[in-house]
Amino acid sequence: MQDWVKKLSLFRGSIKSLTLMGFGLVALPLVFALLYSANQVNKLSQQGTSAIFNVAELVEVNRQISQAQSRLERFSGQYVVLKEQELLNQYLAQRVLLDSVLTQEFKQYHDIQLSELIETYTNKIVEIDQLIQSTPANLINLNQVQEHFKALSQINQKISLHSNQIINQQAKGMESSANEIKKPCC
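Residues numbered from 1 in each chain as written. Predicted model: local features only at pLDDT ≥ 70, side-chain atom pairs only at ≥ 80, totals over all residues. Heavy atoms only, no water.

Quick look at the UniProt feature "coiled-coil region" (unreviewed entry) in the chain
The UniProt record marks residues 58–85 with the feature "coiled-coil region" (unreviewed entry), using the residue numbering of this structure. Annotated as residues 58–85, this span is 93% helix and 0% strand, and its ends, taken at the C-alpha atoms, are 34 Å apart. (UniProt positions renumbered as here; feature names shortened; annotations may be inferred. Helix = DSSP H or I, 4+ residues; strand = E, 2+ residues; numbered from the N terminus.)

In structure tokens, the structure reads:
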């Protein structure tokens, strides 16, 4: 009889162990699912943060370009009418600022169409520079300068539109990632 009691006490301990091990095995997939979900949510959060910063940066860069272009147009027009060297100097200072924005800010976007638009924009500015700097002040026609800036504004508008497309692509990428996380795993 003592043998039977010993076996029963061992069996109780092993039932307890088996029960705990069973609960552990049942809980293990749930733990993995929670860890996986937390990782996916973290990735989505990081992607969202990155997208928000990119959107804000693109909007700011487009604003800077538009402002610098407006100043360039104003200083060049004033220079053509008044023929004062100080206005030409202000034009050149704005030109340097615009070059800085164009070369520094758009490098991080590896978008071929955007690069082509920036190159077209830069080439148009070079044409305006040549007109203003290589033509004697008394021979420059204000209408000529305004026509060049009108073409520059059209290119700037294309840059803004393409920037909006980049923003929309990032938003769609975020939506796609969020939908992937929402999908049931089984």
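As for the pattern of salt bridges
The final tally for this structure, using the stated rule, is five salt bridges. One salt bridge in this structure joins arginine 63 and glutamate 60, with 2.3 Å as the shortest N-O distance. Taken together, the residues arginine 63 and glutamate 60, both in helix α1 (residues 2–82) and three residues apart, mark about one turn of the helix. Here glutamate 60 falls in the partly exposed class, since its relative accessible area comes to 31%. Between lysine 150 and glutamate 147 there is a salt bridge, with its nearest N and O atoms 3.6 Å apart. Taken together, the residues span about one helical turn, with lysine 150 and glutamate 147 both in helix α4 (residues 142–182) at a distance of three residues. Overall, lysine 150 belongs to the partly exposed group, its relative accessible area being 49%. Shared partners join several salt bridges into a network, and the residues in it are Arg95, Asp99 and Asp129. (Salt bridge = Lys/Arg side-chain N within 4 Å of Asp/Glu carboxyl O. Buried < 20%, exposed > 50% of the residue type's maximum accessible area, 1.4 Å probe, protein only.)

A short note on the confidence of the model for the chain
In the predicted model, the chain carries a mean pLDDT of 87, and 91% of its residues have values of at least 70. When pLDDT is averaged over each element of the chain, helix α3 (residues 112–134) comes out on top at 94 and α1 at the bottom at 84. (pLDDT = per-residue confidence, 0-100.)

Focus on the side chain of lysine 124
Relative to the helices and strands, lysine 124 resides in helix α3. Among the residues examined, lysine 124 registers a relative accessible area of 15% and is labelled buried. Filtering out sequence-adjacent residues up to four positions away, lysine 124 remains in contact with His148, Ala151, Leu152 and Ile155. (Contact = heavy atoms within 4.5 Å.)

Here's the deal with the side chain of histidine 148
Note on placement: histidine 148 falls in helix α4. A polar contact of 3.3 Å, which involves the side chain of histidine 148, links it to the side chain of lysine 124. Residue contacts for histidine 148: discarding those within four places in its chain leaves Lys124, Glu127, Ile128 and Leu131. (Polar contact = N/O pair within 3.5 Å; in protein donor to acceptor, adjacent residues only side chain to side chain.)

Quick notes on the packing of helix α2 (residues 85–105) against α3
Closest axis-to-axis distance for the α2/α3 pair is 12 Å, and the angle between their directions is 165°. It follows that α2 is roughly antiparallel to α3 by the angle criterion. Note on packing geometry: the crossing formed by α2 with α3 is left-handed. Here Leu88, Tyr91, Leu92, Arg95, Leu98 and Leu102 of α2 come into contact with α3, specifically with Ile118, Tyr121, Thr122, Ile125, Val126, Ile128, Asp129, Ile132 and Gln133. Grouping the amino acids of the contact of α2 with α3 by side-chain chemistry returns 11 nonpolar, two polar and two charged. (Axes fitted to C-alpha atoms, helices over the stretch in contact; angles between N-to-C directions. Parallel < 35°, antiparallel > 145°, perpendicular 65-115°, else oblique. Left-handed = near helix turned anticlockwise from the far one by under 90°. Nonpolar A, V, L, I, M, F, W, Y, C, P; charged D, E, K, R; others polar.)

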